[in-house]
Number of protein chains: 2
Amino acid sequence: MPGPIQSLSRAAAIMRLLAGGERRLGLSEVATALDLAKGTAHGILRTLQQEGFVEQDPESGKYQLGAELLRLGQSYLDVHELRARALVWADDLARAAGETVYLGVLHQQGVLIVHHVFRPDDTRQVLEVGSMQPLHSTAIGKVLVAYDPVARGELGDGPYESYTLRTLTGAGELDAECALIRERGWADSVEETWEGVASIAALIQDRRRNPVGAVCINGPVERVCEDGFVKPSLVASVRSAARAISRDLGAGRF
Amino acid sequence: MPGPIQSLSRAAAIMRLLAGGERRLGLSEVATALDLAKGTAHGILRTLQQEGFVEQDPESGKYQLGAELLRLGQSYLDVHELRARALVWADDLARAAGETVYLGVLHQQGVLIVHHVFRPDDTRQVLEVGSMQPLHSTAIGKVLVAYDPVARGELGDGPYESYTLRTLTGAGELDAECALIRERGWADSVEETWEGVASIAALIQDRRRNPVGAVCINGPVERVCEDGFVKPSLVASVRSAARAISRDLGAGRF
DNA sequence: ACAGGCGGTCGACATTGTCGACCGCAGTGG
DNA sequence: CCACTGCGGTCGACAATGTCGACCGCCTGT
């Protein structure tokens, strides 16, 4: 039976729809958005609600995502091998660099942040775990595109969305950049996604040299860069953290 | 059609199964555990995999939860109204009390932590957002049981699991405790779940006085208690934070 | 009082998911 | 070295199952 289960695909589409829209959605909105009969949409929503994946506001009758998703998402992190092995290295890296550290993996057409170490100072920061970042304009994303053919495939031929004046929007530019990244073994992104923010990333591989993710440090341009280039000492820190995690993954199984 | 959609319920059961077992599970394990035909289980798993809810280790063929769950779980938090309104108050409470702050809601037979503010000092701490805690032995749980009939219903008649010598394990004891909690308006839990840990919780209500969750502070017995009782000043801080959040929810809609 | 929208229900229909036998492969122990 | 046993995965027949669109009661704004 090589074909997806219809009701399941539809349920997934509904959850993604609910995740996308910032506000709660009514039954009819869901039905028309996905081109389903109201009865069908209702049946799926009722089941999802019963399972805790969706909740219904009792007075408006509108639907939103449910708590069970948070619980299962947490379980995903618990099992995640890359994350488990990277925890301590990421912490050390943040301490050494004095900047925010992200650990990201390829997911669909973006980078999914699976770990986030706050900058050591105590300014108020928002946890980014579970959020998505673009592939073509972040350091982690570009590392993945450079080394993982799947990531390159997901990216397509562009043109890519421009976030700042420095965002690379053409496939040609980006492929050239990726060649450079492969040559030197690390990627940077200076104000390509957010004004004033620079980051440096390096690849993490498993024991068979498959790319499985990337680490990066992330901070204000003034601290990460010097004379218009990222500081070599930070590059060294990131690369050695990535190597350490890769080594850990390589030895760790079995 | 008032009946759950079979394939969806089964898919949910599979995901919960994968979340429960610490390790990856094989197709046959899943099928026998849930009493499904292998073909059926495979069809569901294939669809879940395609949607990103489940991933398959390419060399062992075993299944684990997928990244999409993390992303959707994050979206759940983004929409969560209680959490959004509580963010700043929880932060202030943590600062004022100098202790860890949790924000929890009832989910199934437990407390789901939806927000966690680290203790202001910089010791290494693990983020508990998305994890579950018991209803009968934590301060948040007991507050919910005391005020929310649904929570009391979920708890059942016991006996409840014992974690330390001070855990209340009988329905009678617990109901008496709940009466006390309702009378004075707050709950505590001193070493009822973890040795050496004490916490104080208060209820959060929405604009129609329905219980929707609770805040608590959590810290070592030596700092939270004095002469064998929790410090009144901390109780006052927690209660005023809970009132502030409730007020925020009450005024906030529309 | 009405019209229009909502969430939710119902029952007939046939699409759809389910089942259990079967396949090829890998590891294993005789 | 070769049955043998377990695995993940496939196949096709069958009927149970999810789907559809009309319908219901309710609330809201007019």
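Before any of the text, the structure's been laid out above.
Before going into details, it helps to say that this report is about the structure given with it. (Residues numbered from 1 in each chain as written. Chains lettered and ligands numbered in written order. Predicted model: local features only at pLDDT ≥ 70, side-chain atom pairs only at ≥ 80, totals over all residues. Heavy atoms only, no water.)

Taken together, the contact pairs 59 residues of chain A with 58 residues of chain B. For the chain A and chain B pair, buried surface summed over both sides reaches about 5,100 Å², with 59% attributable to carbon and sulfur atoms. Among the residues chain A hides against chain B, the three largest losses belong to L8, L70 and Y76 of chain A. Together they make up 13% of the total. In this structure, the connection of chain A to chain B is made through six salt bridges. Of the charged contacts, one joins R16 of chain A and E68 of chain B as a salt bridge, the two residues approaching to 3.2 Å between their closest N and O atoms. Our count for the contact surface shared by chain A and chain B stands at 13 residue pairs in polar contact (both at pLDDT 80 or more). Within the residue set of the side of chain A that touches chain B, elements represented by two or more residues are helix 1 (6-20), helix 3 (38-51), strand 2 (63-65), helix 4 (67-79), helix 5 (81-97) and strand 4 (110-117) of chain A. A per-element tally of the side of chain A that touches chain B places helix 4 of chain A first, with 12 residues. The class makeup of the residues in the side of chain A that touches chain B is 27 nonpolar, 15 polar and 17 charged. (Contact = heavy atoms within 4.5 Å. Buried area = accessible area lost by both parts, 1.4 Å probe. Salt bridge = Lys/Arg side-chain N within 4 Å of Asp/Glu carboxyl O. Polar contact = N/O pair within 3.5 Å; in protein donor to acceptor, adjacent residues only side chain to side chain. Helix = DSSP H or I, 4+ residues; strand = E, 2+ residues; numbered from the N terminus. Nonpolar A, V, L, I, M, F, W, Y, C, P; charged D, E, K, R; others polar.)

A few words now on the pattern of salt bridges. The tally for this structure, following the rule as stated, stands at 28 salt bridges over all chains. When the shortest N-O distance is used, the salt bridge between D188 of chain B and R184 of chain B registers 3.3 Å. Using a relative accessible area of 24% as the deciding quantity, one classes R184 of chain B as partly exposed. Within this structure, R16 of chain A together with E51, E68 and R71 of chain B form a network of salt bridges that share partners. (Buried < 20%, exposed > 50% of the residue type's maximum accessible area, 1.4 Å probe, protein only.)

Each of the two chain copies can be generated from the other by rotation about an axis followed by a shift along it. With an RMSD of 0.1 Å, the fit of chain A onto chain B corresponds to turning through 180 degrees and sliding 0.0 Å along the axis. Accordingly, the operation relating the two chain copies is best matched by a two-fold axis. The C-alpha atom lying nearest the rotation axis in chain A is that of G73 of chain A; the distance is 2.8 Å. The fraction of interface residues of chain A whose copies in chain B are also interface residues reaches 98%, indicating that both copies meet through the same surface. (Least-squares fit on C-alpha atoms with pLDDT ≥ 70 in both.)

Once that is clear, we can look at the packing of aromatic side chains. Scanning the model with the defined rule gives zero aromatic pairs over all chains in all. The residue whose ring lies beneath R184 of chain A is W186 of chain A, and the NZ or CZ to ring-centre distance is 3.8 Å. (Phe/Tyr/Trp six-rings, centres within 6.5 Å; stacked < 30°, edge-to-face > 60°. Lys NZ or Arg CZ within 6 Å of the ring centre and 35° of its normal.)

This next bit is on the sheet that holds strand 8 (residues 211-220) of chain A. Spatial ordering of the open sheet is given by 5-4-3-8-7-6 (chain A), a layout of six strands whose pairing is antiparallel. This sheet does not close on itself; its edge strands, each paired only once, are strand 5 (132-134) and strand 6 (187-190) of chain A. Across the sheet, the mean angle from the axis of one strand to that of its neighbour is 35 degrees, orientation sign disregarded. Pairing of strand 7 (residues 197-205) of chain A with strand 8 of chain A, which is carried by nine bridges, proceeds in the antiparallel orientation. Residue pairing in the sheet places L203 of chain A in a bridge with A214 of chain A of strand 8 of chain A. Of the strands in this sheet, strand 3 (100-107), strand 4 and strand 5 of chain A touch helix 4 (residues 67-79) of chain B, which is tilted by about 70 degrees from strand 4 of chain A. (Pairing = 2+ DSSP bridges. Axes fitted to C-alpha atoms, helices over the stretch in contact; angles between N-to-C directions.)

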